[in-house]
Amino acid sequence: MKKLEERIVRDGKVISQDILKVDSFLNHQIDPVLMKEIGEEFYRLFKDEGITKILTIEASGIAIASFTAMAFHVPFVFAKKAKSLNIDGDVLTSTVKSFTYGKEYTITVAKKFIRPDDRILIVDDFLANGMALNGLTDIVHQAGAVTAGIGICIEKGFQKGGEEIRRKGYHLESLAIIDKMDETGITFRD
Ligand code: 5GP
């Protein structure tokens, strides 16, 4: 998506060789015009997948999921990072190792919000090593539903997540794939 690539070049900050900061338009301050176009682009890419619900992870995924859900006219659900009590088996949980903070955390989704007949589109801001996506696809699997697509805003193609997710056979679409980044610039995959 050209517009997203241009925005990354203009406003993104390369913090190190593997961390990009996009907090002025994507995951802290949000540009709603760009977000709307991102939602519409995901709709264009996944409209034939019979999507019934969008799933993401708090907090950065919520705005993306919201605009995507609007384009599909379906609800969205976000996995919570806070531990929830599972008194009567009413929640699905999985463990995720955080890319940015290095520690492990539990993600939780109420069972009633993902049903076995759901076809889920998972969306998120970044794909690095694929840990967040592993947790989210695990939750969809536990629910007996289908991960019908995965939409990522920025995939860092030099980290292993994208390749692994594609190898598993998921329909993964990334709107911008970065092959290399350093203080001299950012190289996108064609
Ligand atoms: P993964 O689970 O694929 O290893 O990492 C993806 C998650 O880590 C995303 O949900 C995102 O929040 C965070 N993340 C990974 N790489 C970056 C990055 O370069 N910049 C920012 N801001 N977040 C990242």
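Just so you know, these numbers come straight off a predicted model, no measurement behind them.

A.B. asks: Please clarify how helix α1 (residues 2-11) should be interpreted in this entry.
C.D. replies: Helical geometry note: an α-helix holds 3.6 residues per turn, so side chains three or four residues apart project in the same direction. For α1, the complete set of buried residues consists of Leu4, Glu5, Arg7, Ile8 and Asp11. The arc that holds every buried residue of α1, seen down its axis, measures 165°, which confines them to one face. Structural note: α1 exposes Lys2, Val9 and Arg10 on the side pointing more than 90 degrees away from its buried face. Structurally, α1 contributes buried residues whose contacts are with β1 (13-16), β2 (19-21), α2 (32-46), β8 (146-156), β9 (172-182) and β10 (185-188).

A.B. asks: What exactly am I supposed to notice about the pattern of salt bridges here?
C.D. replies: Where charged atoms from two side chains of opposite charge approach closely, those side chains can pair. Taken as a whole and judged by the stated rule, the model has 13 salt bridges. One salt bridge in this structure joins Asp31 and Arg7, with 2.6 Å as the shortest N-O distance. Remark: Arg7 occurs in helix α1 and Asp31 occurs in the loop between β2 and α2; sequence separation between them is 24 residues. Owing to a relative accessible area of 18%, Asp31 belongs among the buried residues under this scheme. Between Arg189 and Asp179 there is a salt bridge, and its shortest N-O distance comes to 2.8 Å. Here Arg189 is found in the segment after β10, whereas its partner Asp179 is found in strand β9, with 10 residues between them in sequence.

A.B. asks: Would you mind showing me how to read unusual backbone geometry here?
C.D. replies: Peptide bonds are trans in most cases, and residues, glycine excluded, mostly fall at negative phi. A cis amide bond links Glu58 to the next residue, Ala59, at an omega of 0°. Residue position: Ala59 is located in the loop between β3 (53-57) and α3 (61-72). Unusually for a residue other than glycine, His73 sits at a positive phi of about 60°. With respect to the helices, strands and loops of the structure, His73 is situated in the loop between α3 and β4 (76-79).

A.B. asks: Would you mind going over α2 with me for this structure?
C.D. replies: An ideal rise of 1.5 Å per residue puts 21 Å on 15 residues; α2 measures up with 21 Å between its terminal C-alpha atoms. Residues Leu34, Met35, Ile38, Gly39, Glu41, Phe42 and Phe46 constitute the buried set of α2. Looking down the long axis of α2, one finds its buried residues gathered within 160° of arc, a one-sided arrangement. Tucked into the core, α2 has its buried residues touching α1, α3, β7 (119-127), β8 and β9.

A.B. asks: Would you mind showing me how to read the nonpolar core here?
C.D. replies: For soluble globular proteins, the rule of thumb is that nonpolar side chains tend to be buried together. Counting residues in each nonpolar core, the largest one holds 30 residues, and the members touching the most others are Leu4, Ile38, Ile54 and Ile154. Broken down by secondary-structure element, the contributors of at least two residues to this core are α1, α2, α3, β7, β8 and β9. When sequence neighbours within four positions are dropped, the list of residues in contact with Ile154 reads Leu4, Ile8, Leu20, Val22, Leu26, Asp125, Phe126, Leu127, Ala176 and Ile178.

A.B. asks: Mind showing me how you'd approach the pairing of β4 here?
C.D. replies: Taken residue by residue, a regular strand's side chains alternate between the two faces of the sheet. Where burial is concerned, the two faces of β4 differ: the one with Val77 and Ala79 is buried and the one with Phe76 and Phe78 is not. The parallel pair β3 and β4 is bridged by α3, and the resulting crossover is right-handed.

A.B. asks: How should the environment of Val74 be read in this particular structure?
C.D. replies: On the secondary structure map, Val74 appears in the loop between α3 and β4. Val74 sits 22 residues away from Thr52 along the chain, and the two C-alpha atoms are 6.0 Å apart. Look past the residues within four positions of Val74 in its chain and what remains in contact with it is Ile51, Thr52, Lys53, Ile54 and Ala69.

The rules behind these values
Residues numbered from 1 in each chain as written. Predicted model: local features only at pLDDT ≥ 70, side-chain atom pairs only at ≥ 80, totals over all residues. Heavy atoms only, no water. Buried < 20%, exposed > 50% of the residue type's maximum accessible area, 1.4 Å probe, protein only. Helix = DSSP H or I, 4+ residues; strand = E, 2+ residues; numbered from the N terminus. Arc of directions from axis to C-beta. Contact = heavy atoms within 4.5 Å. Salt bridge = Lys/Arg side-chain N within 4 Å of Asp/Glu carboxyl O. Expected span 1.5 Å × (residues − 1). Core = buried A, V, L, I, M, F, W, Y, C linked by side-chain atoms within 4.5 Å. Right-handed = clockwise from strand over helix to strand, strands pointing away.

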